[in-house]
Amino acid sequence: MSKYTLEVFEDAKALAREAAGRWLAAIEKHDGSRPFTIALSGGRIPKVLYDEFVSLRPQSVGNVHFFWGDERCVPPDDEESNFKLAADNLFSPLSLPEMQIHRILGERDDAFAVAQAEAEICRVAELSPDGQPVLDLIFLGMGEDGHVASLFPEDEEAVASTAVYRAVIGPKPPPRRVTLGYPALALAREVWVLAAGAGKQEALRVSLSGEESTPLARVLQLRTHTRIFTDFDLP
Ligand code: 6PG
């Protein structure tokens, strides 16, 4: 069985519409005895995804708990905040209660933000035998260098780390970030990579071919199966 499913859509809106519909379907068929735990990402595709999800007028999000795959170390009202992106375009339109939102405290010092984010996700999510959160769904974007979340190429510490969350200084501005580590990405029940936008073909191609150990390639290797949605054809 292939390690991934790759689906190509005509544009970002079509990609987001399909991902939003499957997201809602996953929530609706979820066993309501425990929260549906999801980690959001940053970048340009999440707003398109949120708009499509809100347009479905979901009625069954009462048991969904939101976390982040990564967050920039900025205040929650900063335009660069991944939390603000979701608050403005997803939580507010859905009138989502605060108790279902577990933001990373980007305005605090790294050590505090990492410790608090780990405590919160481990309080709510199911845990693996070695204490890693097992999320139901993680949305990832992919950068032009094959990064996912804030796991960047050449970050050998990230590869070796078993931390749930880590503070990093990355090449993508703003540089200071908090990111889920590879273990949580490996263990999630579902990881959907929304690799949308120009200039990413080569990063995706080398990630899928295994020619380069990009962060995305590493996630694919660590997992049994990953869904990839793109709005471009591979070369
Ligand atoms: C972030 C991210 C990052 C992003 C990719 C894709 O907070 O910056 O989570 O991993 O998803 O860089 O971003 P674009 O979709 O804007 O290219």
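Residues numbered from 1 in each chain as written. Predicted model: local features only at pLDDT ≥ 70, side-chain atom pairs only at ≥ 80, totals over all residues. Heavy atoms only, no water.

Caption draft 1: Representation of the site of the ligand within the structure. Arg44, Asp70, His147, Ala149 and Lys200 are the nearest of the 15 residues found near the ligand. At 2.6 Å from an oxygen atom of the ligand is found a side-chain nitrogen or oxygen belonging to His147. The fraction of the free accessible surface of the ligand (420 Å²) that becomes covered by protein chains is 97%. Here the residues of the shell around the ligand sort into three nonpolar, six polar and six charged. (Near = heavy atom within 4 Å. Polar contact = N/O pair within 3.5 Å; in protein donor to acceptor, adjacent residues only side chain to side chain. Areas by Shrake-Rupley, 256 points an atom, 1.4 Å probe, with all protein chains shown as cover. Nonpolar A, V, L, I, M, F, W, Y, C, P; charged D, E, K, R; others polar.)

Caption draft 2: Structural detail: the packing of aromatic side chains. Taken as a whole, this structure holds 10 aromatic pairs when the rule is applied. Their ring planes at 70° and their centres at 5.2 Å tell us that Trp23 and Phe139 sit as a pair that is edge-to-face. With Trp23 in helix H1 (residues 12-28) and Phe139 in strand S7 (residues 137-141), this residue pair connects regions lying 116 residues apart in the sequence. You'll find Trp23 and Phe139 in the same group, each marked buried. The interplanar angle of 80° and the centroid separation of 5.7 Å between the aromatic rings of Phe139 and Trp192 together place this pair among those described as edge-to-face. Residue Phe139 is located in strand S7, and its partner Trp192 is located in strand S10 (residues 190-195); the two are separated by 53 residues in the primary sequence. (Phe/Tyr/Trp six-rings, centres within 6.5 Å; stacked < 30°, edge-to-face > 60°. Helix = DSSP H or I, 4+ residues; strand = E, 2+ residues; numbered from the N terminus. Buried < 20%, exposed > 50% of the residue type's maximum accessible area, 1.4 Å probe, protein only.)

Caption draft 3: A look at the pattern of salt bridges. Within the structure shown, the criterion is met by 22 salt bridges. Measuring nitrogen to oxygen at the nearest pair gives 3.6 Å for the salt bridge that ties Arg44 to Glu144. Placement of Arg44 in the loop between strand S2 (36-40) and helix H2 (45-55) and of Glu144 in the loop between S7 and helix H5 (156-160) is noted, with a sequence separation of 100 residues between them. A relative accessible area of 44% means that Glu144 is categorised as partly exposed. With a closest N to O distance of 3.5 Å, Arg166 and Glu157 form a salt bridge. Classification of Arg166 by relative accessible area gives buried; the value is 10%. Relative accessible area serves as the criterion here: at 60%, Glu157 is assigned to the exposed category. Within the structure, one salt-bridge network assembled from shared partners comprises Glu7, Glu18, Arg22 and Arg227. (Salt bridge = Lys/Arg side-chain N within 4 Å of Asp/Glu carboxyl O.)

Caption draft 4: Here's a closer look at the packing of H2 against helix H3 (residues 82-94). It is at 9 Å that the axes of H2 and H3 come closest, and there the two elements cross at 5°. Judged by the angle between their axes, H2 and H3 are roughly parallel. Touching Pro46, Lys47, Tyr50, Asp51, Phe53 and Val54 of H2 are Leu85, Ala86, Asn89, Leu90, Pro93 and Leu94, all from H3. (Axes fitted to C-alpha atoms, helices over the stretch in contact; angles between N-to-C directions. Parallel < 35°, antiparallel > 145°, perpendicular 65-115°, else oblique. Contact = heavy atoms within 4.5 Å.)

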